[in-house]
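# Results of the structural survey
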Amino acid sequence: MSGILEVAIAGGPYALAAGSDGAMWVTLVHSGEIARVTDGGALEVYPVAPDSKPSIIVAGADGALWFTRIGDDRIGRITTGGELSAFELASGSAPFGLAAGPDGALWFTAMSSGVVGRISLDGEITDVAAPGGMPSMITAGPDGALWFTLNAANAIGRLEPSGDLTIRAVPTPAAGPVGIAATHDDAVWFAAIRADKLGRIPTDDAIQELELPGKPHAVVADPMGGVWVSLWGSGQVVKVSADGEVVVSIDLPSGSEPHGMAIGRDGALWVALEAGYVWRLPTN
């Protein structure tokens, strides 16, 4: 594919988010840093803490980037000017998933403690629900609720901001749901890494499942419809249409370990490759 931008970044690129400054912000899970990458490939790196293991990153309603620190039980915040701050959670909670909620706050999952919580923009933390089951990634749904994967429980949770909780079992046993995203067609999609499947949930309907060629990890909505999925097992990213058809397949370098993805301001797809790269893939 012509027009690919490849940026080498040491430290284990894991997840990405488009910032209000037009750059892409990347967590470096192994080195404990946050990177900023421009469309032209310019790179800046900001140290967080050696054992912090920054994981999922999202843009907040305040224009800053917020990220989970699974290694030292904190929620981090970095402004587009590089100013860092952090908010401490309970010891051993292992925060991982993070999403901007419909109320303007950030919602997070804590894998070890089994909690789904809320952090306001001024840092006030509330544990809203405790479903257990290793809650992993989380997204704001098209219905005003927060949807999240329960990796160990093999289920998908739906949490109203008020605290009302619903849990749906994934049809395939031991599927290992991880990534999750909401799309513009009022559906929620999730990646089942141990089953090599992609799931789709119309918000008031049954879970649908689609076979994929190898260990889907993350999923992100495409503004033009459908979703992009990173396939950790086969070293690919694929585009899946709204009706469940794989319409694009892009091979990545062998051993690159694709994880998080994000859509840039120009509609390009960015992919974090844990082996040490970020790729920008034009999609039109």
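In this report, the structure presented in the accompanying data block is examined. (Residues numbered from 1 in each chain as written. Predicted model: local features only at pLDDT ≥ 70, side-chain atom pairs only at ≥ 80, totals over all residues. Heavy atoms only, no water.)

### Some points on the sheet that holds strand β22 (residues 216–221)
- Spatial ordering of the open sheet is given by β22-β23-β24-β25, a layout of four strands whose pairing is antiparallel. Because the sheet does not close on itself, it has two edges, and the strands there are β22 and β25 (246–251). Strand-to-strand twist across the sheet, computed as the mean angle between neighbouring axes with direction ignored, equals 20°.
- The sheet contact formed by β22 and strand β23 (residues 227–231) spans four bridges and is antiparallel. The residue bridging Ala221 from the neighbouring strand is Val227, located in β23. (Pairing = 2+ DSSP bridges. Helix = DSSP H or I, 4+ residues; strand = E, 2+ residues; numbered from the N terminus. Axes fitted to C-alpha atoms, helices over the stretch in contact; angles between N-to-C directions.)

### As for the side chain of Asp72
- As for its position among the elements, Asp72 is in the loop between β7 (65–69) and β8 (74–78).
- With relative accessibility at 18%, the residue Asp72 sits in the buried group.
- Side-chain polar atoms of Asp72 contact the side chain of Arg69, separated by 2.5 Å. (Buried < 20%, exposed > 50% of the residue type's maximum accessible area, 1.4 Å probe, protein only. Polar contact = N/O pair within 3.5 Å; in protein donor to acceptor, adjacent residues only side chain to side chain.)

### Quick notes on the packing of aromatic side chains
- Scanning all chains against the criterion turns up three aromatic pairs.
- Ring centres of Trp25 and Tyr46 lie 5.8 Å apart, and the angle between their planes is 20°; this geometry places the pair in the stacked category. Of this pair, Trp25 sits in strand β3 (residues 24–28) while Tyr46 sits in strand β5 (residues 43–47); the two residues are 21 residues apart in sequence, bridging distant segments of the chain.
- Under the relative-accessibility criterion, Trp25 is labelled buried at 0%.
- Note on Tyr46: relative accessible area 15%, which makes it buried. (Phe/Tyr/Trp six-rings, centres within 6.5 Å; stacked < 30°, edge-to-face > 60°.)

### Quick word on the layout of surface pockets
- For the largest pocket, the calculated volume is near 780 Å³.
- Taken together, the residues of the lining of the largest pocket sort by class into 26 nonpolar, six polar and no charged.
- Empty space within the second largest pocket amounts to approximately 170 Å³.
- For the second largest pocket, the full set of lining residues is Tyr14, Val29, Ser55, Ile70, Phe96, Met111, Ser136, Asn151, Val178, Ile193 and His217. (1 Å grid on protein atoms, 1.4 Å probe; cavity = no way out; pocket = protein on both sides within 12 Å on 5 of 7 lines; lining within 4 Å. Points joined across faces, edges and corners; volume = space filled by probe spheres on them. Nonpolar A, V, L, I, M, F, W, Y, C, P; charged D, E, K, R; others polar.)

### Description of the pairing of strand β12 (residues 115–119)
- Counted residue by residue, β12 has four buried out of five residues, so it is predominantly covered.
- Here strand β11 (residues 106–110) pairs with β12 via five bridges, running antiparallel. Bridging across to β12, Thr109 finds its partner in Val116.
- Across four bridges, the pairing between β12 and strand β13 (residues 125–129) is antiparallel. Opposite Ile119, over in β13, you have Ile125 as the bridge partner.

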